[in-house]
Amino acid sequence: NVSKIDSSNILISDETINITDRNTEIKRAVEKAVEQDSVELFLQPLIDVKTNKIIGAEALSRIRDSDGNIISPVQFIPIAEHNGRIGQLGEQMFEKTCRFIKEHDIKSMGISWINVNISPIQFMHKNLNNRFSEILNKYGIPAEIIHLEITEESMIDYALLQKQIQIMKNSGFQFVLDDYGSGYSNVTRLKSCPFINVKLDMEIVWDYFKRKDKILPTLVETFKQMNFTVTAEGIESMEMADAMKNIGCDFLQGFCFSKPIPAEEFAQKYSINGLKP
């Protein structure tokens, strides 16, 4: 199915044109969200397996296209990284999370901390510690209330990773390793990293649930021996929740409890008078 022929007589399909148009639209949406500070804060609860109640939450960024439809982070984050906007976008999300904590009694919701994602590119910025510390001071938020999630991709430049983590740890920040099992999985390299929690990628959680074996339980046990707590992502049923609890996971996250929802809706749902997971 051919729509156009470029100047070099290379055939271009409708699919290629549609993808290009969509990427251009997403790029414009990212630019608009950053310039207008309109990135939206969504929150998804983290559940304590001991109490089956909410104990934390993950902050997730959402932006909208020109029709008002939400664009998937899988689509807009790579574009934000490519066009250099990821630092501003991430900083705005961090500040909105701090503002949410300042304006709401999160302890009454049962929340002890909120996780905020840091892109690998953003994490390597030299002034990240100073900027985040300034925002914390602006809202009077102690650093330990916000846990910073970084992915295994951030561990490619291991020396730089350790240096940045140590600088930010000295300022009171705590770190979570996100999406373990999705990329450069290496338990040995985690020994010298001061993570407090490891989040299992939903794919290895689902794979274990489909074909139970000794690999994941052994991995969880290893993490626990290394003094990490463990979070299982992608929990879609109580059967899955029970399976992850039985192998030793500490916290659970997934649609079984709640999809990510707008921050104000989240505050209403988990307030003292609101619904419980």
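Participant: Describe the overall build of the chain, listing the residues and the values that go with them.
Facilitator: Counting its secondary structure elements, the chain contains eleven helices and twelve strands. For the chain, the residues scored as buried account for 47% of the 277 residues in total. When contacts within the chain are restricted to residue pairs at least 6 apart in sequence, those whose partners lie at least 24 apart make up 66%. Carbon together with sulfur atoms contributes 50% to the accessible area of the chain, which is approximately 14,200 Å² in total.

Participant: Explain the nonpolar core to me, using residue names and the numbers behind them.
Facilitator: With 79 residues, the main nonpolar core has Phe94, Phe100, Leu148, Met244 and Phe266 as its most contacted residues. The element that contributes the greatest number of residues to this core is helix H3 (residues 86-103), accounting for seven residues.

Participant: Break down the pattern of salt bridges for me, with residues and values.
Facilitator: For side chains of opposite charge, pairing can occur when their charged atoms come near one another. Enumeration over the complete set of coordinates arrives at 13 salt bridges. Arginine 85 is the salt-bridge partner of glutamate 35, the closest N and O atoms lying 3.3 Å from each other. Note that glutamate 35 is positioned in helix H1 (residues 14-35) and arginine 85 in the loop between helix H2 (73-82) and H3, a separation of 50 residues in sequence. Residue glutamate 35 is classed as exposed on the basis of its relative accessible area of 59%. Look at arginine 85 and you get buried, because its relative accessible area is 17%. Where aspartate 37 meets lysine 96, a salt bridge forms, and the shortest distance between an N and an O atom there is 3.5 Å. Taken together, the residues aspartate 37 in the loop between H1 and strand S3 (40-48) and lysine 96 in helix H3 connect sequence positions 59 residues apart. The class for lysine 96 is buried, based on a relative accessible area of 14%.

Participant: Just give me the short version of the environment of proline 217, but keep the residues and values in it.
Facilitator: Tracing the chain through its elements places proline 217 in helix H9 (residues 215-225). What proline 217 contacts, discounting residues up to four positions off in sequence, is Tyr208 and Ile247.

What counts, and at which threshold
Residues numbered from 1 in each chain as written. Predicted model: local features only at pLDDT ≥ 70, side-chain atom pairs only at ≥ 80, totals over all residues. Heavy atoms only, no water. Helix = DSSP H or I, 4+ residues; strand = E, 2+ residues; numbered from the N terminus. Buried < 20%, exposed > 50% of the residue type's maximum accessible area, 1.4 Å probe, protein only. Contact = heavy atoms within 4.5 Å. Areas by Shrake-Rupley, 256 points an atom, 1.4 Å probe, with all protein chains shown as cover. Core = buried A, V, L, I, M, F, W, Y, C linked by side-chain atoms within 4.5 Å. Salt bridge = Lys/Arg side-chain N within 4 Å of Asp/Glu carboxyl O.

As far as function goes, none of this settles anything; it's purely spatial.
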